[in-house]
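Working through the structure, step by step
So you can see what is in the structure, the chains are spelled out below.
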Amino acid sequence: MSGYVYQDQDLVEPISDSVGEQWGNAALYNVLNVTGGSCALTYSASALTVDLAAGTITHYGSTVTVAAAPAGFTLVPDITNPLWTWLCISSTGTPVTVTGTASATPAVPEYGDRVPVALVYVQAGLTIANDASYKLEKRIAGFSGFNVGQMWAQE
Amino acid sequence: MSPIFTNASDYVAHRVFSQRVDVGGVTTWEVVDKWATGRVVASHDTKEAAQEMVGALREQRLAEVQEAHQ
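Read on for a plain summary of the structure. Nothing here was measured: the structure is a model prediction, and the numbers come from that model.

**Quick word on the packing of helix α1 (residues 8-15) of chain B against helix α2 (residues 47-68) of chain B**
Residues and elements named next belong to chain B. α2 packs onto α1 with a crossing angle of 130° between their chain directions and a minimal axis gap of 10 Å. Comparing the axis directions of α1 and α2 gives the class oblique. Crossing hand, α1 versus α2: right-handed. Between α1 and α2, the contacting residues are Ala-8, Ser-9, Tyr-11, Val-12 and Ala-13 on the first element and Arg-58, Arg-61, Leu-62, Val-65 and Gln-66 on the second. Classifying every residue of the contact of α1 with α2 by side-chain character gives 6 nonpolar, 2 polar and 2 charged.

**Structural notes on the sheet that holds strand β3 (residues 49-52) of chain A**
All names here are of chain A. Pairing in this open sheet of 3 strands is antiparallel, and the strands run β2-β3-β6 from one edge to the other. Each having just a single partner strand, β2 (41-43) and β6 (69-74) make up the two edges of the open sheet. Neighbour-to-neighbour, the strand axes of this sheet turn through a mean angle of 35°, independent of strand direction. One ladder, built from 3 bridges, connects β3 with β6; its direction is antiparallel. Residue pairing in the sheet places Thr-49 in a bridge with Thr-74 of β6.

**Things to note about helix α1 (residues 17-24) of chain A**
Where α1(A) is concerned, the buried positions are Ser18(A), Glu21(A) and Gln22(A). The buried residues of α1(A) occupy one face: seen down the axis, they fall within an arc of 105°.

**Digging into the pairing of strand β7 (residues 83-89) of chain A**
Residue and element names in this part refer to chain A. In terms of residue burial, β7 counts as a mostly covered element, since 7 of its 7 residues are buried. On β7, burial covers both faces: Leu-83, Thr-85, Leu-87 and Ile-89 on one face and Trp-84, Trp-86 and Cys-88 on the other are all buried. In this structure, β7 lies alongside strand β9 (residues 115-122), joined through 7 bridges in antiparallel fashion. Note on β9: the bridge partner recorded for Thr-85 is Val-120. Hairpin remark: β7 followed by strand β8 (residues 95-99), antiparallel, with 5 residues in the connecting loop; positive phi at Gly-93, about 85°.

**Side note on the sheet that holds strand β4 (residues 55-59) of chain A**
Residues and elements named next belong to chain A. Reading across the sheet, the 3 strands line up as β1-β4-β5 and stay open at both edges, with antiparallel pairing between neighbours. Two strands bound the open sheet, and with one partner strand each, they are β1 (30-32) and β5 (62-66). Averaged over all adjacent pairs, the angle separating strand axes in this sheet is 35°, with direction ignored. Relative to β4, β1 runs antiparallel, the two sharing 3 bridges. When the sheet's bridge partners are listed, Leu-32 is paired in β4 with Thr-56.

**Section: the interface of chain B and chain A**
On the side of chain A, 19 residues touch chain B, which itself brings 17 residues to the contact. Those elements giving two or more residues to the side of chain B that touches chain A turn out to be α1 and β1 (16-23) of chain B. Looking at side-chain class alone, the side of chain B that touches chain A contains 7 nonpolar, 5 polar and 5 charged residues. The pairing of β8(A) with β1(B) spans 4 bridges and is classified as antiparallel. Residue pairing in the sheet places Thr97(A) in a bridge with Asp22(B) of β1(B).

Calculation criteria
Residues numbered from 1 in each chain as written. Chains lettered and ligands numbered in written order. Predicted model: local features only at pLDDT ≥ 70, side-chain atom pairs only at ≥ 80, totals over all residues. Axes fitted to C-alpha atoms, helices over the stretch in contact; angles between N-to-C directions. Helix = DSSP H or I, 4+ residues; strand = E, 2+ residues; numbered from the N terminus. Parallel < 35°, antiparallel > 145°, perpendicular 65-115°, else oblique. Left-handed = near helix turned anticlockwise from the far one by under 90°. Contact = placed C-beta atoms within 7 Å. Nonpolar A, V, L, I, M, F, W, Y, C, P; charged D, E, K, R; others polar. Pairing = 2+ DSSP bridges. Buried ≥ 20, exposed ≤ 12 C-beta atoms within 10 Å, placed from the backbone. Arc of directions from axis to C-beta.

This is the structure:
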């Protein structure tokens, strides 16, 4: 697989450059069959973990099968400041949590060469994943499917 | 939510930073430089090593920003 990877102009939050890059790279990096529940997330109501459902992604143009990963993600809150966290899937279908630096105005981290599934705003001292202030889930469907879903849905 | 940068240091700090990466119980620390192509410029085993690199990069970028605005 070869091609050009789009990189957006750097922006500030909450509409970060990373969000724009998802649009630009939607043909190469996406989740297939979103409306069928592929790679759906379930936020724990008692802990900082997030379950990942089985599914299929496109990583840099290649189709990758994702196995279900209960508690595949763990949020890592800071004591005094909020932060942004990407919940991603690697090129091998493994859950990857990318936790940004905590700050009064935190920067959105870079999800890198991974498929982003959700961007979570983790407020200071968070103890329950489902209580996170913002859970912005990527809901774009792959172009090999028919469902062009809603890209971002705030829960 | 959007930060308003009142000085160059804050601006640079928002563009050069470290981030924690957790995969299968293994934690590493990436260094991000928004001026660099690809942006994730290094990966370290420890937070301290990443922060040391971030500190050096911020000094470099801050000098460049200040020079560009002189």
